[in-house]
Amino acid sequence: MPRLASARSRAPELLERLGALYPHATCSLDWRTPYELLVATMLSAQCTDARVNMVTPALFERFPNAAAAAAVEPAEVEPYVQSTGFFRNKAKAIVGSSRLLMEHHGGEVPRTMEELLVLPGVARKTASVVLAWCFGINAGVTVDTHVSRLAQRLKLSRHSEPRRIEPDLMKLVPQAHWQDLSIRLIFHGRAVCTARSPRCGSCPIADLCPMGGKPAG
């Protein structure tokens, strides 16, 4: 097999072709306000988006904004998020973040990475999702389990840790397309390049992948 081009050389075509494959790729979490997406993304840690979407209607009916969640103790939030895993930590983070939002931001979700990262339970992944989908701000590349897996299989990064994968991906495409790259990799990871049984033989981007149509080991 001929030597594959560098990640930087392949990235523009990867972005374009994945865009053609998933033209309607968007955030899979259900939300109406920046606060709802912030909380939903916090809940998605170690949990599927589908499960989070089952939980949030009742959660947001009871706690529709930061003011409502800030006024209670975590124990009152726990029953609403119990099925998402690590529910005590998540409930504590929701209440803690809501209180900080009330104290420092008038209950509104801030629009900078630095301000978001101060909130309990918020790391770069959550902050990037909120900034991109709520405010159209590409402050980083969201690296979830799908993006991490595909970045390694496609040899877009030599690293396995999200904190080291992200800067590698940020170098490959213009900042305006950082979240486009992430969401398209996520959709391809769900549809084709799955964790256990990747469909390499029928993958539409196999010619851009080091696996070359051979199942990943």
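Residues numbered from 1 in each chain as written. Predicted model: local features only at pLDDT ≥ 70, side-chain atom pairs only at ≥ 80, totals over all residues. Heavy atoms only, no water.

(A) Highlighting a positive patch on the surface. Side chains of Arg-8, Arg-158, Arg-163, Arg-164 and Lys-171 sit close together on the surface and give a patch of like positive charge. Along the chain, Lys-171 turns up in the loop between α10 (162-170) and α11 (178-191). (Patch = residues over 30% accessible without salt bridge, like charges linked within 9 Å, V, L, I, M, F, W, Y side chains within 5 Å. Areas by Shrake-Rupley, 256 points an atom, 1.4 Å probe, with all protein chains shown as cover. Salt bridge = Lys/Arg side-chain N within 4 Å of Asp/Glu carboxyl O. Lys, Arg positive; Asp, Glu negative; His and termini not counted. Charge placed at Lys NZ, Arg CZ, Asp CG, Glu CD. Helix = DSSP H or I, 4+ residues; strand = E, 2+ residues; numbered from the N terminus.)

(B) Quick peek at the packing of aromatic side chains. By the definition in use, this model includes two aromatic pairs. Each ring, one from Tyr-22 and one from Phe-187, has its centre 6.2 Å from the other, and the planes form 55 degrees; the classification is tilted. Placement of the pair is Tyr-22 in the loop between α1 (7-21) and α2 (34-43) and Phe-187 in helix α11, with a sequence separation of 165 residues. When the ring of Phe-63 is compared with that of Tyr-80, the centres are 5.6 Å apart and the planes differ by 80 degrees; the resulting orientation is edge-to-face. (Phe/Tyr/Trp six-rings, centres within 6.5 Å; stacked < 30°, edge-to-face > 60°.)

(C) Region of the structure containing the state of the cysteines. Counted by the stated rule, this structure contains zero disulfides. Here Cys-203 stays free of any disulfide, with the sulfur of Cys-193 as its closest cysteine sulfur at 6.6 Å. For Cys-203, a relative accessible area of 17% gives the class buried. Distance from the sulfur of Cys-209, which forms no disulfide, to the nearest cysteine sulfur (Cys-200) is 6.5 Å. You can call Cys-209 buried: its relative accessible area is 11%. (Disulfide = S-S within 2.5 Å. Buried < 20%, exposed > 50% of the residue type's maximum accessible area, 1.4 Å probe, protein only.)

(D) Fine view of the side chain of Gln-179. Here Gln-179 shows up in helix α11. Exposure remark for Gln-179: the relative accessible area of 6% places this residue in the buried category. Residues in contact with Gln-179, not counting those within four places in the same chain, are Ser-128, Ala-132, Trp-133, Asn-138, Gly-140 and Thr-142. (Contact = heavy atoms within 4.5 Å.)

(E) Spatial organisation of α10. Of the positions making up α10, those classed as buried are Ile-165, Glu-166, Asp-168 and Leu-169. The buried residues of α10 occupy an angular sector of 165 degrees when the element is viewed end-on, so they sit on one face. Considering only its buried residues, α10 is in contact with α8 (124-135), α9 (145-153) and α11. (Arc of directions from axis to C-beta.)

(F) Spotlight on the packing of α2 against α8. At a minimum axis separation of 9 Å, α2 and α8 run at an interaxial angle of 150 degrees. Relative to α8, the element α2 lies roughly antiparallel. Considering only the axes of α2 and α8, their crossing is right-handed. Along its contact with α2, which presents Pro-34, Leu-37, Leu-38, Thr-41 and Met-42, the element α8 presents Thr-126, Val-129, Val-130, Trp-133, Cys-134 and Phe-135. A per-class count over the contact of α2 with α8 returns nine nonpolar, two polar and no charged. (Axes fitted to C-alpha atoms, helices over the stretch in contact; angles between N-to-C directions. Parallel < 35°, antiparallel > 145°, perpendicular 65-115°, else oblique. Left-handed = near helix turned anticlockwise from the far one by under 90°. Nonpolar A, V, L, I, M, F, W, Y, C, P; charged D, E, K, R; others polar.)

(G) Looking closely at unusual backbone geometry. One non-glycine residue, Gln-46, lies in positive phi territory at about 55 degrees. Within the secondary structure, Gln-46 sits in the loop between α2 and α3 (49-62). Judged by its relative accessible area of 68%, Gln-46 is exposed. If you check the backbone angles, Lys-155 has positive phi at about 55 degrees while not being a glycine. Turning to its location among the elements, Lys-155 is positioned in the loop between α9 and α10.

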